[in-house]
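In case you want the letters, here they are:
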Amino acid sequence: MEPLIKTIDLKKYFKVNGGLLHAVDGVNIEIKKGRTLGVVGESGCGKSTLGRLVIRLLEATSGEVLFEGNDILKCNRQEMKKIRPKMQIIFQDPFSSLNPRMSVFELIAEPLVMNHVYKSRREMTEKILSLMDTVGLAERFVNTYPHEMDGGRRQRVGIARALALSPKFIVCDEPVSALDVSIQAQILNLLMDLQEEMKLTYMFITHDLSVVKHISNEIAVMYLGQCIERAESTELFKNPMHPYTKALLSAIPVPRLTGNQNKKIIRGEVSDPINPKPGCRFASRCDYCKDHCLGQDIPLKDQGNEHFVACRIYQ
Amino acid sequence: MMNEKLLVVKDLSVIYKTDEAIVHAVNKINFDIGRKETIGLVGETGAGKTTTALAIMQLLPERTGRITEGEILFKGENLLKKSKNEMRMIRGERMSMIFQDPMTSLNPIVTVGDQIRESLDIHNHDKKNKIELEARVDELLKLVGIQPRRKSEYPHQFSGGMKQRVVIAMALACNPELLIADEPTTALDVTIQAQVLALMAELKEQLGTSMIMITHDLGVVAQTCDKVAIMYAGEIVEQGTARDIFEGEKHHPYTLGLFGSIPDLEVETRRLNPIDGLMPDPTDLPPGCKFHPRCKSCMEICKHKQPEPHSFGNHIIVCHLYAKEV
């Protein structure tokens, strides 16, 4: 099946004092229609930047983003305006991503008004109420303002906004990490139900590995701007290959009395993303690091059954 | 001396009083900690975990926060009867606290070394001179895995994980008997969290400190705690040993809900089983059991009668479901 979205050697460098910050450095991913790609990594690994690049909220430094086969980075304003409604984003923080001066009605109406979807106000009101119903917001909230609602409800407004234009692809940028666990589970269930009903394709960005396993078909692990491993979600958890992925999975505290012993703890911290030296970015923390890990970047290599890993051990 | 309790909290209630409303943040909670024990206080936002910690430390906001009843016995002495000055000598020396957010709990314009030395200076009973105190600072930094030469640096020169180590070093400076850790790893990445948790476990082993671990992460609890208290809307709804909570058969419906809300890494589940609804408004708590509007096993009696604690050995569940079995 043709992937809905595909990136080819996508790069984003930010100019900062002291050089170029390699936020996203040559990432190749693809997401098939109706599937979810989970992007995991720790803070500063470039996962949010990647999410913004694939829907062109940020201009890439180089590379291609193919949406239904067309490179959206080459589209002009008018062409972009036609494509934008098909791709949406749900932001991390429902406290700062909603305009505090707009009511729920106005917030959900905004994308519909901007794109002149409805001629009559009655039709638009109907659509807004049905969207609120879809995301599980009671009708009585239609005139409330964000500060009157709790985090879970606010995130539902964010989801309703993203759904308003019936998109095909949604980037979910840590949509549940600001919420309490019981509310988090409600939102995850909602997102999965919506995907089934509307055949949505998700890119799900998170640092929470148990959440990503639950919601994703495929997972890409990022480290310092690069995708270092990509595989089917069950395969990745069963058989992690990259030393970083192994350490990351072993670091999750499991809510069980047994199984927290013998954790593999990696030493050190993420190195500097400004002008990184070519070679494996994880080398300085890796126990298996050899000379051939340094000097040149290591490409992702298929280990069979679509399990890609960028590590010299497997090449 | 294992059965001697280091800290006993009896019927503690805390309110926050504002012009508009009275918030019942903590309602009659009871728990205790023995020597070298770690108890986990688990719950969601607004459950009263941090308020409990602040009440023990006597750091509640002066204008609004008030302890309305109860006792906090630290080695048999009631802390609520202590004067401000007496409390000042206990705080930081015999009990200390690690705050949630290492990014904001350090003073940005004081070097890390000076911040650690501050509590050593205040509690300097042996009249140590400056060189001896500096030596202790070096020792503490080494203990938490930071090179002593970095002590003249400022907090912004450290990463999140390193800042949290500094905060831990500050809390441990005077060898406290009780350490309260308020979400010590929530702001950190998983691999750094693993480093910090391993460090805390090691230090606890070395120094024999008792600990109150406040967290919403059941994984962290499983990894660090001997005893667990689950809090909901200002009450402890279930408490017991870690074994009771993680492997026991009887649970409070809220505990079950919490476990059902976490995606399990080892078992494939298509849908999660979240708790419906929201935390009740603490200014307007429901009558009867506080959890009844969200509870799947809610009965008629739950709506008007406050449940009694039912104990199975040391395992206590506050729920009407277990009324008959006792």
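Here the structure is a predicted model, which is why all the values come from computation and not from measurement. (Residues numbered from 1 in each chain as written. Chains lettered and ligands numbered in written order. Predicted model: local features only at pLDDT ≥ 70, side-chain atom pairs only at ≥ 80, totals over all residues.)

Topic: the overall build of chain A
- Scanning chain A from N- to C-terminus turns up 9 helices and 13 strands.
- Each principal axis of the C-alpha atoms in chain A carries an extent, and together these give about 70 × 50 × 45 Å. (Helix = DSSP H or I, 4+ residues; strand = E, 2+ residues; numbered from the N terminus.)

As for the confidence of the model for chain B
- Per-chain confidence: chain B averages 90 in pLDDT, with 98% of residues scoring 70 or above.
- Model confidence for the complex is summarised by a pTM of 0.85, with the ipTM given as 0.80. (pLDDT = per-residue confidence, 0-100.)

Looking at unusual backbone geometry
Residue and element names in this part refer to chain B.
- Within the chain, K28 stands out as a residue other than glycine whose phi angle is a positive 50°.
- When you line up the elements, K28 lands in strand β2 (residues 22-34).
- With phi around 50°, N175 is a residue other than glycine that occupies positive phi space.
- Among the structural elements, N175 can be located in the loop between α5 (160-172) and β7 (178-182).
- By the C-beta count within 10 Å, which is 11 here, N175 ends up exposed. (Buried ≥ 20, exposed ≤ 12 C-beta atoms within 10 Å, placed from the backbone.)

Some details on the environment of L41 of chain B
Residues and elements named next belong to chain B.
- Checked against the element boundaries, L41 lands in strand β3 (residues 38-42).
- Separated by 12 residues in the primary sequence, L41 and A53 have C-alpha atoms spaced 9.5 Å apart.
- The residues touching L41, leaving out its near neighbours within four places in the chain, are K49, T52, I212, I214, A229 and M231. (Contact = placed C-beta atoms within 7 Å.)

Here we look at the interface of chain B and chain A
- Between chain B and chain A, the residue contacts involve 35 residues of the former and 32 residues of the latter.
- For the side of chain B that touches chain A, the residue count by class is 18 nonpolar, 11 polar and 6 charged. (Nonpolar A, V, L, I, M, F, W, Y, C, P; charged D, E, K, R; others polar.)

Remarks on the packing of helix α3 (residues 104-114) of chain A against helix α5 (residues 151-163) of chain A
Residues and elements named next belong to chain A.
- Contact geometry for α3 and α5: axes closest at 7 Å, N-to-C directions at 25°. Classified by the interaxial angle, the pair formed by α3 and α5 is roughly parallel. Relative to α5, α3 is oriented so that their crossing is right-handed. Contacts between α3 and α5 involve V104, L107, I108 and P111 from the former and V157, A160 and R161 from the latter.
- Here the contact of α3 with α5 is built from residues that sort into 6 nonpolar, no polar and 1 charged. (Axes fitted to C-alpha atoms, helices over the stretch in contact; angles between N-to-C directions. Parallel < 35°, antiparallel > 145°, perpendicular 65-115°, else oblique. Left-handed = near helix turned anticlockwise from the far one by under 90°.)

Quick notes on the pairing of strand β6 (residues 95-98) of chain B
Residue and element names in this part refer to chain B.
- With burial as the criterion, each face of β6 is covered, one bearing M95 and M97 and the other bearing S96 and I98.
- Relative to β7, β6 runs parallel, the two sharing 4 bridges. Paired with M95 across the two strands is L178, which belongs to β7. (Pairing = 2+ DSSP bridges.)

Brief notes about the sheet that holds strand β12 (residues 315-318) of chain B
Residues and elements named next belong to chain B.
- Taken in spatial order, the 8 strands line up as β6-β7-β8-β3-β9-β10-β12-β11 in an open sheet, and their pairing is mixed. Either end of the sheet is taken by a strand with one partner, and the two such strands are β6 and β11 (309-312). Taken over all neighbouring pairs, the strand axes of this sheet differ in orientation by 20° on average, direction set aside.
- Where helix α1 (residues 49-57) meets the sheet, it contacts β3, β6, β7, β8 (210-215) and β9 (227-232), and its direction lies at approximately 150° from that of β7.

Digging into the packing of α5 of chain A against helix α6 (residues 181-198) of chain A
All names here are of chain A.
- At a minimum axis distance of 10 Å, the contact between α5 and α6 shows a crossing angle of 15°. The angle between α5 and α6 falls in the class roughly parallel. Our pair here, α5 against α6, has a crossing hand that is right-handed. Note on element contacts: α6 touches α5 through I183, Q186, I187, L190 and L194, opposite G151, G152, Q155, I159 and L163.
- Here the residues of the contact of α5 with α6 sort into 6 nonpolar, 4 polar and no charged.

Topic: the nonpolar core
- Counting 176 residues, the largest nonpolar core has A160 and M203 of chain A together with A169, I180 and I212 of chain B as its most contacted members.
- With 8 residues, α5 of chain B is the largest single contributor of residues to this core.
- In this view, I180 of chain B contacts A53, I56, M57, M95, M97 and I212 of chain B; residues no more than four positions away in its chain are not counted. (Core = buried A, V, L, I, M, F, W, Y, C linked by C-beta atoms within 7 Å.)

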